[in-house]
Structure formats: structure tokens, C-alpha cells
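# Report on the structure
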Amino acid sequence: MTAAPSRSDAASAAAGTTAPEAGAAAGTPTPAVGAAAESLPAWANDPRYATTIRRRPTRSVRVGDIWIGSDHPVVVQSMINEDTLDIAGATAGIRRLHEAGCEIVRVTVPSLAHAKAMGEIRKRLEDTYQPVPLVADVHHNGMKIALEVAQHVDKVRINPGLFVFDKPDPNRSEFTPEEFAAIGERIATTFEPLVSLLKEQDKALRIGVNHGSLAERMLFTYGDTPLGMVQSALEFIRICDRLDFHNIVVSMKASRAPVVLASYRMMADRMDAEGFPYPLHLGVTEAGDGDYGRIKSTAGIATLLSEGLGDTIRVSLTEAPEKEIPVCYSILQALGLRKTMVEYVACPSCGRTLFNLEEVLHQVRMATAHLTGLDIAVMGCIVNGPGEMADADYGYVGKTPGTISLYRGRDEIRRVPEAEGVEALIALIKEDGRWVDP
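These remarks concern the structure in this document. (Residues numbered from 1 in each chain as written. Predicted model: local features only at pLDDT ≥ 70, side-chain atom pairs only at ≥ 80, totals over all residues. Heavy atoms only, no water.)

### Comments concerning the state of the cysteines
Applying the stated criterion across every chain, the model contains zero disulfides. C328 supplies the cysteine sulfur nearest to C102, a cysteine that is in no disulfide, at a spacing of 7.9 Å. Overall, the relative accessible area of 1% leaves C102 in the buried class. In this structure C328 comes out as buried when scored by relative accessible area, which is 0%. (Disulfide = S-S within 2.5 Å. Buried < 20%, exposed > 50% of the residue type's maximum accessible area, 1.4 Å probe, protein only.)

### What to know about the sheet that holds strand β11 (residues 343-346)
Pairing is mixed in the open sheet, where five strands are placed in the order β11-β12-β13-β14-β15. At either margin of the open sheet sits one strand with a lone partner, and together these are β11 and β15 (411-417). Adjacent strand axes in the sheet meet at a mean angle of 25 degrees, parallel and antiparallel pairs treated alike. Contacting β11, β12 (375-379) and β13 (394-400), helix α13 (residues 357-368) crosses the sheet at an angle of about 160 degrees to β12. Sheet strands touched by helix α14 (residues 421-431): β12, β13, β14 (403-408) and β15. Its angle to β14, the strand with the most contacts, is close to 15 degrees. (Pairing = 2+ DSSP bridges. Helix = DSSP H or I, 4+ residues; strand = E, 2+ residues; numbered from the N terminus. Axes fitted to C-alpha atoms, helices over the stretch in contact; angles between N-to-C directions. Contact = heavy atoms within 4.5 Å.)

### Some remarks on the packing of helix α3 (residues 87-99) against helix α4 (residues 112-128)
Each pair of packed helices can be described by the angle between their axes along with the distance between the axes. It is at 9 Å that the axes of α3 and α4 come closest, and there the two elements cross at 55 degrees. When the axes of α3 and α4 are compared, the pair comes out oblique. For the crossing formed where α3 meets α4, the hand is right-handed. Residues I87, A88, A90, T91, I94 and R95 of α3 touch α4, and the partners they reach there are A117, E120, I121, R124, L125 and T128. Residues belonging to the contact of α3 with α4 are distributed by class as follows: seven nonpolar, two polar and three charged. (Parallel < 35°, antiparallel > 145°, perpendicular 65-115°, else oblique. Left-handed = near helix turned anticlockwise from the far one by under 90°. Nonpolar A, V, L, I, M, F, W, Y, C, P; charged D, E, K, R; others polar.)

Dropping the structure here:
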């Protein structure tokens, strides 16, 4: 299970591959030197071929003590599944998620009673545990709920398709421009008190569009499309802009990865074109469970992150919420955006392998998985050994039968009997002062 990230992880990630350094673009290919530079073709410097990710520049938005934006590590979120009226159960659920490494926790507030319960939940967290950044989820005609819950949380999430909700008319065939504009004015009038309150309290807003809940007028005008999702979000963003409120995070969730990809790409392009550098919250909603739910989420989230889009993520699984957190951190680590656990490099095994690679990898992982920020390579033969693990901090290589060669970087340090390999690896890490007790 992935360990909760430390505050030092946030600092190191912010200083590393997550954001450009001043005066330089993160992810820009390293220029060649000497004669080799003269022989490189011009196309080799295309930024798309860079080995680190260049994030889309976004403003910083504070949620409690966590910052979201391109100058900060990509933030991990999830949502409890307890009823918010169950104050003890909801408090315990929030704490479990936070202890598992979830940095921002969302709760549902479908009624005014649920919104008021958030005050007691927040107090219990502060009295019995610690403050946790909290987001309240508000949907159908939720202005009164939002105004109440904004007093008790750090961010309010509204759904543009449901926030000012009219029951669909089965006899309607179109919206005239006048009808469309009139509803827009009603939305602005209804929405303004919440924006003003959040601005006054220096709290955040998530404009969270869902593909499955677009407003009827958006569906008639733009269709059930990524364009409809983008226009729905932009309507609310422009209201906030007119009110000089900018603590905004935007999400464009759908249950199909291709829709997710198109929607977020279009949203980022349109926001940048209109001068709205707001962070994006990524997710594939209703992804399911098991391997497929994880793969589906990764297909959408990792693809966008690799393009530089996304400042906070949630993997939505039909499982206990705590099980979402390791998936989030694994995605971020695989892309080099955060490093919160050991990176294991291991060959797939073949006829050249000189020991039971699966068993040995398990032994090495069990002994070292609590460490943070190391790269450890476990290689079964000399062919895939020193070359394939060149970037690892430590290597555990089968070079001859019954013997393990231990490496520090590219340098072989010592050879030990196979039965002593794991203990010798631990000893080497300790010699370098990089070991901590579990």
C-alpha cells in the first residue's frame, strides 16, 4: 500500500519535474554538446520528445493548507462514501482517507441538514485528529445548501448542469436565443451570492461539469458533446470573472475515456484563449472496479497528465475509497510527477534468469517498500543487468548462479551469496545513510 506523502515530498516535487524553473522550460530536451550537437537533426528538439513533462501554467488555488496549480505537486483527492449526517462515521471516513495519503477529501451535501452537519464534522476532526482540507459537493438547486456549507469547508463543488435546475420539458424542440440568454441571466443572479461569499472568505470553487448531467439548454444548443461541457463550464467561469473571483478549479468528467480526453483538451485550450489559467481536476467518473477500473482511469488521467494537463486527480473506483489513493500515486510516480514510494525496475524473466525473479522481487519489495524516493533494480541476468538499470540508485543482479551482485548506480559494490542478498542490499542502503526503519 502506498504510504502517505510527506510534506518534504511536496517541496521536492514542486522543485523537480512538476513545474518549470524560472527562465527555463521543464521538459525541454537537454541540448547535446560538442560534435554530437552538430550532427543532430533539427526535428530532434521537438518538445514532444522531451523525457519530462511540461505542465500547462496555471494559477495557484488554496484549499485549506494544500495548494493546487502548476507551481505545486499534482494533488491527490478522493471522496468518502459515508452519509454526511452520520457525523461519527463521516469523520472516521475522512480520517481514513487522509491517513492513506488523500490530500483533499470531498463529501456530499444533498440537503441543508447535511450542510450543517459539516460544521460538527470539521470540529471533530480538529479536536480528535487534525484539520483536513474539505470539499462539499452541491448539486440540484443548491444555493441555500452551498451558502451554508461554505461556512464549514475549504472548497465548494457545484455542477453547472444541475445548480440552477429546471425539469426537462418533453414537448420542447429548441431554445431560442432569447430563452437561452434569459436562463443565463437567472443563473448569474442565483450564483452571485455564493461567489461573493467564497471571495469574502478566500475559499475555493470547483466548477465540476459531468457529461451525464448537462443542462437541457446546453444539450439542445451544443448536443451531448465535449463542446457542450466546455460551454457549460465557461458560462460559470465568466460569471466568476465578472465578479473578480479567481479561486477556481475546473473538472470535465465523463465515464468514457475518449470523451474525457476531448473535453479536457478543449477546456484547457478555451480557458487559455480567454485568459483563464485555472487548474484542472482530472478524473474518469464511474470507472468501475478491479483491474479494468484502474486501467480505464489511468487511460484518461495519465494521458492528460503526459500532455501537461491536470493539477489534481481522483481515481473513481467502485471500491473502498482508500483503495483509490495508491492508484493515484502510482500514476503520478510512473510519469515522474511525484515520487512518494520506491520505484522498482525489474525484468520480466526469461530463460537466462539465474534466480526466481518473482520471488526475489517480492522479498526486496517487502524489505524496502516503506522507503521513499529510491530506485531499486532487480535483474535476473547480466544481459538485462547493469545496462537496463543504469538510472537506478541500487541494483540487485544475478550475474552467476547462486551469487548476487549489488550495485550502487553503475558501480558494482560487492558480490554475496544469493541467500544473503536482501540483507546485503539493506546494509548497503544503510551505509549510504538512506535507510529508515519501517
